[in-house]
Amino acid sequence: MDDSTESRLDRGRAMYDEVYGDGAADRLLQSLSGLGSDLGRYGVEFNFGEIYARPGLDLKQRQIASIASLVNIGGCEPQLTGHINAGLNVGLTAAEIVEVIIHCVQYAGFPRAINALNVAKQVFERRGVA
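Residues numbered from 1 in each chain as written. Predicted model: local features only at pLDDT ≥ 70, side-chain atom pairs only at ≥ 80, totals over all residues. Heavy atoms only, no water.

Colleague: Describe the overall build of the protein chain, with residues and values.
Modeller: Along the backbone of the protein chain there are seven helices and zero strands. Rg of the C-alpha trace for the protein chain: 15 Å, near the compact-globule value of 14 Å for 130 residues, within the 12% margin. For the protein chain, the spread of C-alpha atoms along the principal axes amounts to about 45 × 35 × 30 Å. The buried share of the protein chain, taken over its 130 residues, is 40%. (Helix = DSSP H or I, 4+ residues; strand = E, 2+ residues; numbered from the N terminus. Rg over C-alpha atoms; globule rule 2.2 N^0.38 Å. Buried < 20%, exposed > 50% of the residue type's maximum accessible area, 1.4 Å probe, protein only.)

This is the structure:
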């Protein structure tokens, strides 16, 4: 992989758009313009241009890991909302997402799992997913 900053950013934008939809990277970067512009660029470059672009896991597997991580951390409901949406975008079913959340209860505890399930229900309702 080309390690130049521009290449990582381009690779990150492409990967971010594949996960979140066309133009999503530009919308994210625009929302973090000004004081947050470096943070937004770092996130796209590193998280998506480096980590998501690595071989070894497909996008569904990466979203399972992301959802599980956010459930276990707790208090990350906005990010969890985004990753549940992304999971649906890359082909996870609602049932698979719910199973990931249920699996986390043994590590995260019931409060975090219940909060995550409520986030999932909101996403499913908004998207019309049964």
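What follows picks up the thread again.
Colleague: I'd love a proper account of the domain arrangement of the protein chain, names of residues and values included.
Modeller: According to the domain assignment, the protein chain contains domain 1 (1-54) and domain 2 (56-129). Once you take the C-alpha centre of each, domain 1 and domain 2 turn out to be 22 Å apart. In this assembly, seven residues from domain 1 lie in contact with eleven residues from domain 2. Summed over both sides, the interface of domain 1 with domain 2 buries roughly 700 Å², with 52% coming from carbon and sulfur. For domain 1, the biggest contributors to the area lost against domain 2 are V19, Y20 and Y52; these three give 71% of the whole. On the surface where domain 1 and domain 2 come into contact, there are zero salt bridges. Applying the counting criterion to the domain 1 and domain 2 interface returns seven residue pairs in polar contact (both at pLDDT 80 or more). For the side of domain 1 that touches domain 2, the leading source of residues is helix α1 (residues 5-20), giving four residues. Across the side of domain 1 that touches domain 2, the residue classes tally to five nonpolar, no polar and two charged. (Domains from an automatic or database assignment. Contact = heavy atoms within 4.5 Å. Buried area = accessible area lost by both parts, 1.4 Å probe. Salt bridge = Lys/Arg side-chain N within 4 Å of Asp/Glu carboxyl O. Polar contact = N/O pair within 3.5 Å; in protein donor to acceptor, adjacent residues only side chain to side chain. Nonpolar A, V, L, I, M, F, W, Y, C, P; charged D, E, K, R; others polar.)

Colleague: Account for the environment of I84, naming residues and giving values.
Modeller: For I84, the position within the fold is in helix α5 (residues 77-89). Residues I84 and E96, spaced twelve residues apart in sequence, show a C-alpha to C-alpha distance of 11 Å. Non-local contacts of I84, meaning those with residues more than four positions away in its chain, are made with I67, I97, A116, V119, A120, V123 and F124.

Colleague: Provide a residue-level description of the pattern of salt bridges, including the pertinent values.
Modeller: Tallied over the entire structure, the rule returns five salt bridges. Note that R8 is salt-bridged to E50, the shortest N-O span being 3.9 Å. Of this pair, R8 sits in helix α1 while E50 sits in helix α3 (residues 37-51), placing them 42 residues apart in sequence. The salt bridge partner of E50 is R11, with a shortest N-O separation of 3.1 Å. Taken together, the residues E50 in helix α3 and R11 in helix α1 connect sequence positions 39 residues apart. The exposure classification of E50 matches that of R11, with both residues buried. Each of R8, R11 and E50 takes part in salt bridges that share partners, so that together they form one network.

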